[in-house]
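The primary structure of each chain is shown beneath.
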Amino acid sequence: MRLETFIRKSLGMKAHTVVKTEERPDGGLVAHVERLPGRRLACGECGRPAGKVATTRRPARRWQDLALRDQPLWLVSAPHRVWCPQCGLRVERVPWAEKWQRVTHALARAVATVARKLDWASVAAHFRLNWKTVASVVEAAVLWGLAHRRWVPLHVVGIDEVSRRKGQQYLTLVYDLARRRVVWVGKDRDEGTLQRFFAWLGPRCARAIRVVCCDMWRPYLAVLRTAVPQATVVFDRFHVTQHATEAVDTVRRQMWRQLAEAEKPDFKRTRFLWLKNPANLRRDERTRLSGLLRLNAPIVKASLLKEDLRRFWADRSTAWAADHLRQWLWRASHSRLEPFQKLAKTIRAHRDGILAWTTLRVTNGALEGMNNKVKGISHRAFGFRTTWTYIANIYHCCAELPLP
Ligand SMILES: [Zn+2]
């Protein structure tokens, strides 16, 4: 088979053919594509077969295709203008590529598949494309996937947030915790965001939701009560632990400020000692920690409180857990540590939702795992120009959307 025929057949051309191929001096192949006389072309707007083909043509365009034995392959063709009975004079729709894309369907599919595993810069380097082309392929794949995904009822939902550029811009993520995937991504992290999610979901699908797992710090409760009154709200281990860690950190920083200058050197780079699980400390680290303990009683108290709260999640029965939590709340509110008193207040106000965890245990790890995955994506992708690019990548890697 001639190379031209091979390319034509592999691209499934019906109204076009490859008239010649040429090698480029710097490597790679260029296939020149022309229309087959007498065959009907499609309208670029609506896709229907167009009537007449106009005499004038668009300037020649170039599409990159999958490489042939590691030789980059380009298609070159000057699109025709066609008369569509519906839309009037339009540019033809070429069957090998999506409108506005600079790569063929085949290459776009390969790029989209690999972009689920690698960061965009590596994908671009692998396929010899520029970064923007990768971004536009992924964005198109996500739009297609969102429009074509099969809906499966949501029963266990997790709501979480991520920030782009360290706290500058927040996104709210809604997960299907049973299937461990992202269902919806929205800008900001307020009541309005959640209302937009439920408006998108519709009341019929919302009725299937049994459990909602979220952070008690967010003003979500009012929205949840009206949108999913039948669901149990669970405040999960992941978020509560996060807040306890923050409280320890606040106590540490307050102490740091109060300490006399002379004592400072001893205190430097000790943050990890407080945050590390005591069982994982090395011997010298333990010695340093015990030295610091004498110096910093409030921080000791704070880390013990945090540890004790961590043990709460291991309690086997709800009755034990309730008892444990009651004792913890008493200790925290009498600790004379302001961050922990605040934490205790919030936990007391959301006690039912925290205790609900002990019977359901649905969220253990699932939310945290998803959160880490999304964070990993945010870190590895540099220079997302727009929020939409960022959102598209989250959908692409975490939502298990179908590919075009
Ligand atoms: Zn048309």
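Description of the structure in this document. (Residues numbered from 1 in each chain as written. Predicted model: local features only at pLDDT ≥ 70, side-chain atom pairs only at ≥ 80, totals over all residues. Heavy atoms only, no water.)

**What to know about the pairing of strand β8 (residues 88-93)**
Then, in step 1: Across two bridges, the pairing between strand β3 (residues 42-43) and β8 is antiparallel. Bridge pairing links A42 to R93 in β8.
Then, in step 2: Relative to β8, strand β7 (residues 80-84) is paired through four bridges, and the arrangement is antiparallel. Each residue of the ladder has a partner; that of W83, found in β8, is L89. (Pairing = 2+ DSSP bridges. Helix = DSSP H or I, 4+ residues; strand = E, 2+ residues; numbered from the N terminus.)

**Focus: the coordination of the zinc ion**
Then, in step 1: For the zinc ion, every protein donor is listed as C43 (SG), C46 (SG), C84 (SG) and C87 (SG), and the spread of their distances is 2.2 to 2.3 Å.
Then, in step 2: Viewed at the metal, the four donor atoms of the zinc ion are separated by angles of 107 to 112 degrees, and the geometry they form is tetrahedral.
Then, in step 3: Along the chain, the residues donating to the zinc ion fall in the pattern C-x2-C-x37-C-x2-C. Taken as a pair, C46 in the loop between β3 and β4 (53-57) and C84 in strand β7 lie far apart in primary sequence, 38 residues in all. (Donors = N, O, S within 2.8 Å, 3.2 Å for Na, K, Ca; no water. Tetrahedral: all angles 85-135°; square planar, octahedral: opposite > 155°, others 65-115°.)

**Description of unusual backbone geometry**
Then, in step 1: In this structure, R69 takes a positive phi of about 45 degrees despite not being glycine.
Then, in step 2: The backbone of W100 shows a phi angle near 70 degrees, a positive value even though the residue is not glycine.
Then, in step 3: Within the element layout of this structure, W100 appears in the loop between β8 and α2 (105-114).

**Remarks on the sheet that holds strand β9 (residues 156-164)**
Then, in step 1: Pairing is mixed in the open sheet, where five strands are placed in the order β11-β10-β9-β12-β13. Edge strands, defined here as strands with exactly one partner in the open sheet, are β11 (181-187) and β13 (232-235). When strand polarity is set aside, the average angle formed by the axes of neighbouring strands in this sheet is 25 degrees.
Then, in step 2: In this structure, strand β12 (residues 211-214) lies alongside β13, joined through four bridges in parallel fashion. Bridging from a neighbouring strand, V212 pairs with V233 of β13. (Axes fitted to C-alpha atoms, helices over the stretch in contact; angles between N-to-C directions.)

**Quick notes on a nonpolar patch on the surface**
Then, in step 1: Residues M1, L3 and F6 make up a contiguous nonpolar surface patch of roughly 310 Å² in combined accessible area.
Then, in step 2: With respect to the secondary-structure elements, L3 resides in helix α1 (residues 3-10).
Then, in step 3: Under the relative-accessibility criterion, L3 is labelled partly exposed at 32%. (Patch = residues over 30% accessible without salt bridge, like charges linked within 9 Å, V, L, I, M, F, W, Y side chains within 5 Å. Areas by Shrake-Rupley, 256 points an atom, 1.4 Å probe, with all protein chains shown as cover. Salt bridge = Lys/Arg side-chain N within 4 Å of Asp/Glu carboxyl O. Buried < 20%, exposed > 50% of the residue type's maximum accessible area, 1.4 Å probe, protein only.)

**Quick look at helix α14 (residues 338-349)**
Then, in step 1: Between the first and last C-alpha of α14 there are 17 Å, a value that for 12 residues agrees with the 16 Å anticipated at 1.5 Å per step.
Then, in step 2: Taken as a whole, α14 has its buried residues at P339, F340, L343, A344 and I347. Buried residues of α14, seen end-on, are gathered within an arc of 135 degrees and therefore sit on one face of the element. Turned more than 90 degrees off the buried face of α14, the exposed positions are K342, K345 and A349.
Then, in step 3: Its buried side turned inward, α14 meets α8 (237-258), α12 (297-312), α13 (318-333) and α15 (351-360). (Expected span 1.5 Å × (residues − 1). Arc of directions from axis to C-beta. Contact = heavy atoms within 4.5 Å.)

**Concerning the environment of L68**
Then, in step 1: Along the chain, the position of L68 falls in strand β5 (residues 61-68).
Then, in step 2: Measuring from C-alpha to C-alpha, the distance between L68 and I7 comes to 9.7 Å, with 61 residues separating the pair along the chain.
Then, in step 3: In contact with L68, other than residues within four places in its own chain, are L3, F6, L29 and L73.

**Notes on the sheet that holds β8**
Then, in step 1: Read from one edge to the other, the open sheet built from four strands follows the order β3-β8-β7-β4, with strand pairing classed as antiparallel. Either end of the sheet is taken by a strand with one partner, and the two such strands are β3 and β4.

**Some thoughts on the packing of aromatic side chains**
Then, in step 1: Counted according to the given criterion, the structure contains eight aromatic pairs.
Then, in step 2: Summarising the aromatic geometry, the rings of W151 and W200 are spaced 5.8 Å apart at their centres and angled 75 degrees between planes, so their arrangement reads as edge-to-face. Separated by 49 residues along the polypeptide, W151 in the loop between α4 (131-148) and β9 and W200 in helix α5 (residues 191-201) bring together distant segments of the chain.
Then, in step 3: Taking the centre distance of 5.9 Å and the plane angle of 35 degrees together, the rings of F197 and W200 count as tilted. On the criterion of helical spacing, the pair formed by F197 and W200 is a turn pair, its members being three residues apart in helix α5. (Phe/Tyr/Trp six-rings, centres within 6.5 Å; stacked < 30°, edge-to-face > 60°.)

**Things to note about the environment of Q71**
Then, in step 1: On the secondary structure map, Q71 appears in strand β6 (residues 71-77).
Then, in step 2: You can call Q71 partly exposed: its relative accessible area is 33%.
Then, in step 3: Linking Q71 and G27, residues 44 residues apart in sequence, is a C-alpha distance of 6.8 Å.
Then, in step 4: Those residues in contact with Q71 that lie beyond four places of it in its chain are G27 and G28.

**Some remarks on the side chain of R149**
Then, in step 1: Mapped onto the elements of the fold, R149 is located in the loop between α4 and β9.
Then, in step 2: The buried charged residue R149 lacks any salt bridge partner; its closest oppositely charged side chain belongs to D176, at an N-O distance of 8.8 Å.
Then, in step 3: When residues no more than four places from it in sequence are discounted, the contact partners of R149 are V182, V183, W200, L401 and P402. (Lys, Arg positive; Asp, Glu negative; His and termini not counted.)

**With respect to the pattern of salt bridges**
Then, in step 1: Within the structure shown, the criterion is met by 16 salt bridges.
Then, in step 2: Across the salt bridge formed by R252 and D249, the nearest N and O atoms sit 3.4 Å from each other. Taken as a pair, R252 and D249 lie in helix α8 at a separation of three residues, close to a single helical turn. For the residue pair R252 and D249, the accessibility class agrees, reading buried in each case.

**Digging into the nonpolar core**
Then, in step 1: F198, W328, F340 and I347 are the most contacted members of the largest nonpolar core, which totals 93 residues.
Then, in step 2: With near-sequence residues (within four places) excluded, F340 lies in contact with A244, A247, V248, V251, A302, L305, K306, W328, A332 and S335.
Then, in step 3: Grouped together as the second largest cluster of nonpolar side chains are 14 residues, V33, W63, L68 and L75 included. (Core = buried A, V, L, I, M, F, W, Y, C linked by side-chain atoms within 4.5 Å.)

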